[in-house]
Amino acid sequence: MNYFFDAEPASMAQPPADPNDPRDPARAAAMAHDPEVITAARTLLAKTFEYRYYLNFRWLGRPIVQYPQDIIALQEIVWDTRPTLIVETGVAHGGSLIFYASLFELMKIPGEVVGVEIELRPHNEAAIFEHPLHERIRVLKGSSTDPSILAEVKTIAARHARVMVVLDSLHTHEHVLTELEAYAPLVTPGNYLVCFGTSVADVTTDLDLKRAWDQQRNPKSALDAWLGTKPPFEVDQGLSDRLILSDGPGGYLRRT
Ligand SMILES: C[S@@+](CC[C@H](N)C(=O)[O-])C[C@H]1O[C@@H](n2cnc3c(N)ncnc32)[C@H](O)[C@@H]1O
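How each quantity is defined
Residues numbered from 1 in each chain as written. Predicted model: local features only at pLDDT ≥ 70, side-chain atom pairs only at ≥ 80, totals over all residues. Helix = DSSP H or I, 4+ residues; strand = E, 2+ residues; numbered from the N terminus. Rg over C-alpha atoms; globule rule 2.2 N^0.38 Å. Buried ≥ 20, exposed ≤ 12 C-beta atoms within 10 Å, placed from the backbone. Contact = placed C-beta atoms within 7 Å. Pairing = 2+ DSSP bridges. Axes fitted to C-alpha atoms, helices over the stretch in contact; angles between N-to-C directions. Expected span 1.5 Å × (residues − 1). Right-handed = clockwise from strand over helix to strand, strands pointing away. Near = placed C-beta within 6 Å. Nonpolar A, V, L, I, M, F, W, Y, C, P; charged D, E, K, R; others polar. Parallel < 35°, antiparallel > 145°, perpendicular 65-115°, else oblique. Left-handed = near helix turned anticlockwise from the far one by under 90°. pLDDT = per-residue confidence, 0-100.

1. Some details on the overall build of the chain
In terms of helices and strands, the chain carries nine helices and nine strands. A compact globule built from 256 residues would reach a C-alpha radius of gyration of about 18 Å, and the chain, at 19 Å, matches this within 12%. In terms of principal-axis extent, the alpha carbons of the chain reach across some 60 × 45 × 40 Å. For the chain, the proportion of its 256 residues judged to be buried stands at 39%. A fraction of 73% describes how many contacts in the chain between residues 6 or more apart in sequence connect residues 24 or more apart.

Quick look at the structure:
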């Protein structure tokens, strides 16, 4: 007996919708709106935050500070939208830069990856530049909101027809709002702007983060304020519905 998949439909002239469609939006939405799933997911998110679960993983040898679900989501986005430039604010150990570069390699996309990091530690810098995929990667050292960094990113983006941006640096309301205003215009129509850290708004237990963001003021509050200005982006809610455990719920936006 197959516990996981519905039986294949009998052969018909017009096959019905695939009952095993992994992206079936109705199935994902039902799951995402199930109160038991919501409660369990928020509890798990809060508990895993406590242990800094997001530090548990590596991509091709570099620590990648992401939930595995988000790594899969980013892979799907890159496959579907084929950006030739991915800009990431907040590099940390460089795992995501290596991840994007590896997707470009696998997908045979002649792409480049630009990271912006205010505090690139020497051992991380060395490891990124000793990595076999380093030729696709450039790291700009400084704050993502520094006008000279922004000017450099804009110059690079101007060479590309398909640009994707991932915001994952300082998770304060003010900083993310400034990043959204500065980086969103670089994203080309059909490509994605991903805003991580929105999960903080969903964690109802007292995390005692001792950080400059909390459940009220965080990337989600910044994103909501920015979306209120009606930028040409739509939230890919279907993607968030499928993820359940994510650092960026509601933070996957497609430029219209
Ligand atoms: C959540 S970590 C990034 C994780 C990384 N994106 C990954 O997937 O592995 C946040 C990083 O943002 C950096 N950061 C903080 N403020 C910044 C700023 N104003 N500009 C650029 N980077 C900043 C921090 O130093 C830290 O390395």
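2. With respect to the environment of K108
Looking at the element boundaries, K108 is found in the loop between α4 (95-107) and β4 (112-117). Overall, the presence of 8 C-beta atoms within 10 Å leaves K108 in the exposed class. Along the chain, K108 and R82 lie 26 residues apart, while their C-alpha atoms are 9.8 Å from each other.

3. Comments concerning the sheet that holds strand β3 (residues 85-89)
In a beta sheet, neighbouring strands pair by backbone hydrogen bonds and run either parallel or antiparallel. Taking strand neighbours across the sheet as the criterion, the seven strands line up as β5-β4-β3-β6-β7-β9-β8 in an open arrangement whose pairing is mixed. Either end of the sheet is taken by a strand with one partner, and the two such strands are β5 (137-141) and β8 (233-235). The average angle at which neighbouring strand axes cross in this sheet is 20°, direction not considered. Across five bridges, the pairing between β3 and β4 is parallel. Residue E88 lies in a different strand from β4, and its bridge partner there is G115. Helix α6 (residues 147-157) rests against β3, β4, β5 and β6 (163-167) of the sheet, and its axis sits at about 175° to β4.

4. As for helix α2 (residues 35-50)
Given 3.6 residues to a turn, an α-helix orients residues that are three or four positions apart in the same direction. Its 16 residues give α2 an end-to-end C-alpha distance of 23 Å, which sits within 8% of 22 Å, the value for a rise of 1.5 Å per residue. The first or second residue beyond α2 is R52, which carries a positive phi of 50°.

5. So, the pairing of β5
Pairing geometry for β4 and β5, over five bridges, is parallel. Within β5, the residue paired with V116 across the bridge is L140. Where the polypeptide runs from β4 across helix α5 (residues 122-130) and back to β5, its parallel neighbour, the crossover connection is right-handed.

6. Describing the site of the ligand
Close to the ligand lie 20 residues; V65, G90, S96, S169 and L170 are nearest. Every element with two or more residues in the shell around the ligand is listed here: β3, α4 and β4. Here the residues of the shell around the ligand sort into seven nonpolar, nine polar and four charged.

7. Things to note about the packing of helix α3 (residues 68-81) against α4
Close contact between α3 and α4 brings their axes to 11 Å; oriented N to C, the two are set at 40°. Accordingly, the angle class assigned to the pair α3 and α4 is oblique. As for how α3 packs across α4, the hand of that crossing is right-handed. Of α4, the residues touching α3 (which contributes I71, Q75, V78 and W79) are F99, L103 and M107. Classifying every residue of the contact of α3 with α4 gives six nonpolar, one polar and no charged.

8. Comments concerning helix α8 (residues 219-227)
Within the sequence span of α8, burial applies to P219, K220, S221, A222, L223 and W226. If you follow the buried residues of α8, they end up packed against α7 (173-183) and β7 (192-195).

9. Focus on the environment of W79
Tracing the chain through its elements places W79 in helix α3. Residue W79 is classed as exposed on the basis of its 12 C-beta neighbours within 10 Å. For W79 and P122, which are 43 residues apart along the polypeptide, the C-alpha to C-alpha distance reads 32 Å.

10. A few points about unusual backbone geometry
Backbone phi values are negative for most residues with the exception of glycine, while trans is the configuration of most peptide bonds. Even without a glycine there, the phi angle at L60 is positive, about 45°. When you line up the elements, L60 lands in the loop between β1 (58-59) and β2 (62-63). If you check the backbone angles, I244 has positive phi at about 65° while not being a glycine. For I244, the position within the fold is in the loop between α9 (237-243) and β9 (252-255).

11. Overview of the confidence of the model for the chain
In this model, the chain carries an average pLDDT of 92, and 91% of its residues clear a pLDDT of 70 or more. Ranking the helices and strands of the chain by mean pLDDT puts β6 first, with 99, and α2 last, with 92.

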